[in-house]
Amino acid sequence: MVIGDGILTPSMSVLSAVNGIRIKAPSLHENYTVFIAGVILVGLFALQHFGTRSVGFLFAPILLAWLFCISVIGVYNTIYWNPHVVSALSPYYVYNFFKKAGKDGWSSLGGIVLCITGAEAMFADLGHFSQLSIRIAFTVIVYPCLVLAYMGEAAYLSKHKEDLQKSFYKAIPEVVFWPVFIIATLATMVGSQAIISGTFSVISQCRALKCFPRVKVVHTSNHIHGQIYIPEVNWILMVLCLAVLVGYRDTDTIGNAYGLAVITVMLVTTCLMFLVIVMVWKRNILGALAFVIVFGSVELFYFSACLAKVHKGGWFPLVLSLILLSTMCIWHYGTLKKQAYELNNRVCLDMLLSMGTNLGINRVPGIGLIYSNVATGVPPMFAHFVTNFPAFHRILVFVTVQSLTVPKVPANQRFVISRIGPTEFHLFQCVVRYGYKDQRNDTHDFENHLIETVAEFLRNGNNDGEAFRWETTNQQQSSPSDDVTASSFENVVSSESSKKTVRFRGVGCSKELEDLREARESGLAYMMGSTCVLACDTSSYLKKFAINIVYGFLRQNCRHPAIALGVPHTSLIEVGMVYRV
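Scoring rules and cut-offs
Residues numbered from 1 in each chain as written. Predicted model: local features only at pLDDT ≥ 70, side-chain atom pairs only at ≥ 80, totals over all residues. Heavy atoms only, no water. Helix = DSSP H or I, 4+ residues; strand = E, 2+ residues; numbered from the N terminus. Contact = heavy atoms within 4.5 Å. Pairing = 2+ DSSP bridges. Axes fitted to C-alpha atoms, helices over the stretch in contact; angles between N-to-C directions. 1 Å grid on protein atoms, 1.4 Å probe; cavity = no way out; pocket = protein on both sides within 12 Å on 5 of 7 lines; lining within 4 Å. Points joined across faces, edges and corners; volume = space filled by probe spheres on them. Nonpolar A, V, L, I, M, F, W, Y, C, P; charged D, E, K, R; others polar. Buried < 20%, exposed > 50% of the residue type's maximum accessible area, 1.4 Å probe, protein only. Core = buried A, V, L, I, M, F, W, Y, C linked by side-chain atoms within 4.5 Å. Phe/Tyr/Trp six-rings, centres within 6.5 Å; stacked < 30°, edge-to-face > 60°. Lys NZ or Arg CZ within 6 Å of the ring centre and 35° of its normal. Patch = residues over 30% accessible without salt bridge, like charges linked within 9 Å, V, L, I, M, F, W, Y side chains within 5 Å. Areas by Shrake-Rupley, 256 points an atom, 1.4 Å probe, with all protein chains shown as cover. Salt bridge = Lys/Arg side-chain N within 4 Å of Asp/Glu carboxyl O. pLDDT = per-residue confidence, 0-100.

Trainee: Explain the environment of G377 to me, and be specific about the residues and the numbers.
Mentor: Within the element layout of this structure, G377 appears in the loop between β3 (362–371) and α18 (380–388). Between the C-alpha atoms of G377 and R346, which are 31 residues apart in sequence, the distance is 6.2 Å. Beyond its immediate sequence surroundings of up to four residues, G377 is in contact with V347 and Q429.

Trainee: Which residues make up the sheet that holds β3, and what are the values?
Mentor: Strand order in the open sheet formed by six strands is β5-β6-β4-β3-β10-β11, and the pairing between neighbours is mixed. Strands at the two margins of the open sheet, each flanked by one partner only, are β5 (415–420) and β11 (572–580). Neighbouring strand axes in the sheet, compared pairwise and without regard to direction, differ in orientation by 25° on average. Summarising the sheet, strand β4 (residues 391–404) and strand β6 (residues 427–435) pair through nine bridges and their orientation is parallel. In the strand pairing of β6, L396 is matched with L427.

Trainee: For empty space enclosed by the protein, give the residues involved together with the corresponding values.
Mentor: Under the counting rule described, the total for this entry stands at three cavities of 30 Å³ or more. Roughly 90 Å³ of volume is contained in the largest cavity. Lining the largest cavity are I70, I73, G74, N77, A149, G152, E153, F168, A171, I172 and V180. Breaking the lining of the largest cavity down by element, the ones donating at least two residues are α5 (59–81) and α9 (131–157). Sort the elements by how many residues they give to the lining of the largest cavity and α5 lands first, with four residues. Here the residues of the lining of the largest cavity are counted per class, giving seven nonpolar, three polar and one charged.

Trainee: Before we move on, could you go through helix α7 (residues 103–112) and cite the residues and values that matter?
Mentor: Of all the positions in α7, only G105, L109 and G110 are classed as buried. Turning to α7, the residues buried within the fold contact α6 (92–101) and α14 (285–307).

Trainee: How would you explain the nonpolar core if you had to name every residue and give the values?
Mentor: One finds L8, W66, Y169, F200 and F316 to be the most contacted residues of the largest nonpolar core, which totals 68 residues. The next biggest cluster of nonpolar side chains, apart from the first, holds 30 residues, and it includes Y341, I547, V550 and L554.

Trainee: Pulling in residues and values, what's your account of the packing of aromatic side chains?
Mentor: Two measures describe an aromatic ring pair: the distance that separates the ring centres and the angle between the ring planes. If you walk through the whole model with that rule in mind, you get 23 aromatic pairs. With a centroid separation of 5.7 Å and an interplanar angle of 85°, the aromatic rings of W81 and Y156 are classed as edge-to-face. Of this pair, W81 sits in helix α5 while Y156 sits in helix α9; the two residues are 75 residues apart in sequence, bridging distant segments of the chain. We note K24 situated over the ring of F177; from NZ or CZ to the ring centre the distance is 4.6 Å. Positioned above the aromatic ring of Y541, the side-chain terminus of K544 is 5.8 Å from the ring centre.

Trainee: Please provide a residue-by-residue account of a nonpolar patch on the surface, values included.
Mentor: Taken together, V268, L272, L275, M279, V280 and W281 make up a surface patch of nonpolar side chains, about 610 Å² in accessible area. Structurally, V268 is set in helix α13 (residues 251–280).

Trainee: Residues and numbers for the confidence of the model for the protein chain, please.
Mentor: Model confidence for the protein chain is summarised by a mean pLDDT of 81, while 86% of its residues fall at 70 or above. Note that residues 462–509 has pLDDT below 50 and, in this model, 88 contacts with residues that lie over four places away or in other chains.

Set out below in structure tokens:
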């Protein structure tokens, strides 16, 4: 529903702002306003790749100017048209309204909910600001300005009931109409930016939890982690926004879909807060129930009113969320089945090495990184490779990348190294752990940190008393004329694309460290499985459809694992296999 909100918010906000043109030009056909809104939406999504870092300095002045304008206009309209409207702040009129309106009053909640939309997007700002700053901004600035704006609009409507459908722009004094129109259009773009960023954040975290196909995540800021950009999602959102804009064409129908999406997000969030209060905060279950009952009952009234408008456009977020949920469930299911196959069909290393004499396995110079989801043992992909091509690198590291359900993993806990088999085989297991908010390093940094960790593992495992020190230094460029002697050597691992340089330094280094240095000089290769996951012949038609068609389509069209992990194409070895799950 949040992703659906990310589609509906830009369409609804921009179109409602652009419709102000028709106040001054009533004869203007709606096709022109739809076209102008479409151009603004295309421009909005085209600017996303710059990130909020580049244009974020404009957001606060635009929103402050917007809130200042609507609050001042609200005060003016209240004083000029009907000062008695201030009494509507009394809760008595809420009771009196429902008493007189009856069922029509309940039905109007589906439209009233649009007055509080936008509040659900504040979660996106948590990636940029603290909780205290958001609370202060909302309670001290945003909420009072909104109350004044709606109060002024109500005062105007009390004298101009015929302007009900266009009351916002009609209530603006003639002298400030065009400045307010421009600020309103800019404010809708800023508001749309917040929910678009929130959509990126949700999809990024779902991807990290293996609930969404692999997509490219670009961090647009070096200082604020929450500022990200996902190209594929950005353009899909743009196409869907334009489709909603052209398909619905009026704010009333879009508003029905928008209101249902927003109130569903709020209601589900309130229900999930029960789990947070009880399981995360460890608070009393009665307090959690009281929270859900108090806030959930209010939201449930709005939700029921919005459900009554499903046939008037509210079906769109329901269908969209169902498609997205099905896609995420099938991807997660297929991923778990693929991992289960690899775990059930992994090969014991001792058995593989015992076959070495018969297979005639050769060890070639260099370091081989074998990527798989198997944290222990040999993945079936590597066993398949060795039986058909009996050779692998002198130093072999089985790498498993794990995404944990925590925001960040400390740098000193990222790599977990263990040895596989006897020392002379030079086989290691490395588990690389990332949190769902961790930024993946580039390939050069990853190689340096991995080799650094292996070297530290070997150094700590030495019992011969020889000293070894591994250090990471920052240099602009390494010198090709570094001295190399028998007692002190220095190997520079550098890249033109990175300023980081990893250096081996030591006196009388052990044989394994010497082998590691020589293997690093010989080069580094990556091996990954190019698997085709198919359902068993005895599986049900539903499973065959989910695995063979939907999951297969998603795997073929999502980002390749090598690209997602930043593996250089020139160093990649792919092993083809078919998994029957």
